[in-house]
Amino acid sequence: MAAMAQVLVVDDDPHIRQLLVFALEKAGLSAREADDGEAALAAVADAAPDLVILDINMPKLDGLEVCRRLRAQGDLPILFLSSRDDEIDRVLGIELGGDDYVVKPFSPREVTARVQAILRRARVPAARPEAPAVLAHGRLTLDPESWTARFGKAEVQLTVTEFGILRILMGAPARVFTRDAIIDRLHGPGFAITDRTIDSHVRNLRGKFAAVGGHDVVETRAGVGYRLGPCLGA
């Protein structure tokens, strides 16, 4: 039997924490709590959760700073909670490496569904022993088995969602994918996230590959969407 996924719920509001822990455990997940950013970092170091639900506006360390520190350590999936209903905070959270976000007030069922979707994407390589060998295009390689991406000899650290987007594009290098098509393949039809979220993930992908010479990994087709670039570098 597969091990129960562990989720860390980080929010300074005890009611929200209890609500989410109840919903997650009802869905068959294991959940624990942290009430501020410092406690969150300690809990990650202690328990190594599979995913963190992270409130942005917290005392001591806010969620964005916690995300920065976690991203410096690895690619632990992060879902942001925010009471800030403006696009700047949402986009900033995604650019820092968050995999998704939910704006308060929210439905616990929606949060649980998003958590399960992220965990499914993270577990695809382990769940599919028949997955293809390394995908290659130009100087770009993507290994679904080891969950690694490289441009030339440089390994590029990607979040679960960034890896998923790149895998979609590499699966059909000549195709232009609309944002809706990318969302459907990542989450399933009818999953509600904005086009701006996909744009933010793609911008983050471009920045990471550009840092190692991969300036041409993702191309934009104005008014349509995105496709894989030649991936030849400078």
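Residues numbered from 1 in each chain as written. Predicted model: local features only at pLDDT ≥ 70, side-chain atom pairs only at ≥ 80, totals over all residues. Heavy atoms only, no water.

Caption draft 1: Layout of the overall build of the protein. If you tally the helices and strands in the protein, you get eight helices and twelve strands. Taken over 234 residues, the protein has a buried fraction of 51%. Taking the contacts inside the protein whose residues are at least 6 apart along the sequence as the reference set, 60% of them involve residues at least 24 apart. Accessible surface, the protein as shown: approximately 10800 Å² in total, 53% of it carbon and sulfur. (Helix = DSSP H or I, 4+ residues; strand = E, 2+ residues; numbered from the N terminus. Buried < 20%, exposed > 50% of the residue type's maximum accessible area, 1.4 Å probe, protein only. Contact = heavy atoms within 4.5 Å. Areas by Shrake-Rupley, 256 points an atom, 1.4 Å probe, with all protein chains shown as cover.)

Caption draft 2: Quick look at the nonpolar core. Formed by 28 residues in total, the largest nonpolar core has its most connected members in Leu 140, Leu 166 and Phe 209. Breaking this core down by element, the ones donating at least two residues are strand E7 (140-143), strand E8 (148-151), helix H6 (160-171), helix H7 (179-187), helix H8 (195-210) and strand E12 (225-228). By residue number, the principal contributor to this core is H6, which donates seven residues. Residues within four places of Leu 140 in sequence aside, it is in contact with Leu 135, Arg 150, Phe 151, Leu 166, Met 170, Phe 209, Val 217, Leu 228 and Cys 231. Ranked by size, the runner-up nonpolar core spans 23 residues in total, among them Ala 40, Ile 56, Val 66 and Leu 96. (Core = buried A, V, L, I, M, F, W, Y, C linked by side-chain atoms within 4.5 Å.)

Caption draft 3: Region of interest: the sheet that holds strand E1 (residues 6-10). Read across the open sheet, the five strands follow the order E2-E1-E3-E4-E5; overall the sheet is parallel. Here the strands that pair on one side only, and so sit at the sheet edges, are strand E2 (30-34) and strand E5 (100-103). Direction aside, neighbouring strands of the sheet carry axes that sit 20° apart on average. By the bridge criterion, four bridges tie strand E4 (residues 78-82) to E5 in an arrangement that is parallel. (Pairing = 2+ DSSP bridges. Axes fitted to C-alpha atoms, helices over the stretch in contact; angles between N-to-C directions.)

Caption draft 4: Quick look at the packing of aromatic side chains. Counted by the stated rule, this structure contains two aromatic pairs. An angle of 20° between the planes, with centres 4.1 Å apart, marks the rings of Trp 147 and Phe 163 as stacked. Of the two residues, Trp 147 is situated in the loop between E7 and E8 and Phe 163 in helix H6; the sequence distance between them amounts to 16 residues. With respect to class, Trp 147 is no different from Phe 163; both count as buried. (Phe/Tyr/Trp six-rings, centres within 6.5 Å; stacked < 30°, edge-to-face > 60°.)

Caption draft 5: Fine view of the pattern of salt bridges. Evaluated as defined, the whole model comprises 15 salt bridges. Among the ionic pairs, Asp 100 bridges to Arg 114, the shortest N-O distance being 2.9 Å. One end of the pair, Asp 100, is in strand E5; the other, Arg 114, is in helix H5 (residues 108-127), with 14 residues separating them in the sequence. The two residues Asp 100 and Arg 114 agree in class, both being buried. For Glu 162, the salt bridge is made with Lys 208, and the minimal N-O distance between the two is 2.6 Å. Pair noted here: Glu 162 is in helix H6 and Lys 208 is in helix H8, with a separation of 46 residues, a long-range link. (Salt bridge = Lys/Arg side-chain N within 4 Å of Asp/Glu carboxyl O.)

Caption draft 6: Layout of the packing of helix H2 (residues 37-47) against helix H3 (residues 63-73). Direction vectors running N to C along H2 and H3 enclose 25°, while the axes themselves pass 9 Å from each other. Accordingly, the angle class assigned to the pair H2 and H3 is roughly parallel. Crossing geometry of H2 relative to H3 is assigned as right-handed. Of H3, the residues touching H2 (which contributes Gly 37, Ala 40, Leu 41 and Val 44) are Val 66, Arg 69 and Leu 70. Taken together, the residues that form the contact of H2 with H3 break down as five nonpolar, one polar and one charged. (Parallel < 35°, antiparallel > 145°, perpendicular 65-115°, else oblique. Left-handed = near helix turned anticlockwise from the far one by under 90°. Nonpolar A, V, L, I, M, F, W, Y, C, P; charged D, E, K, R; others polar.)

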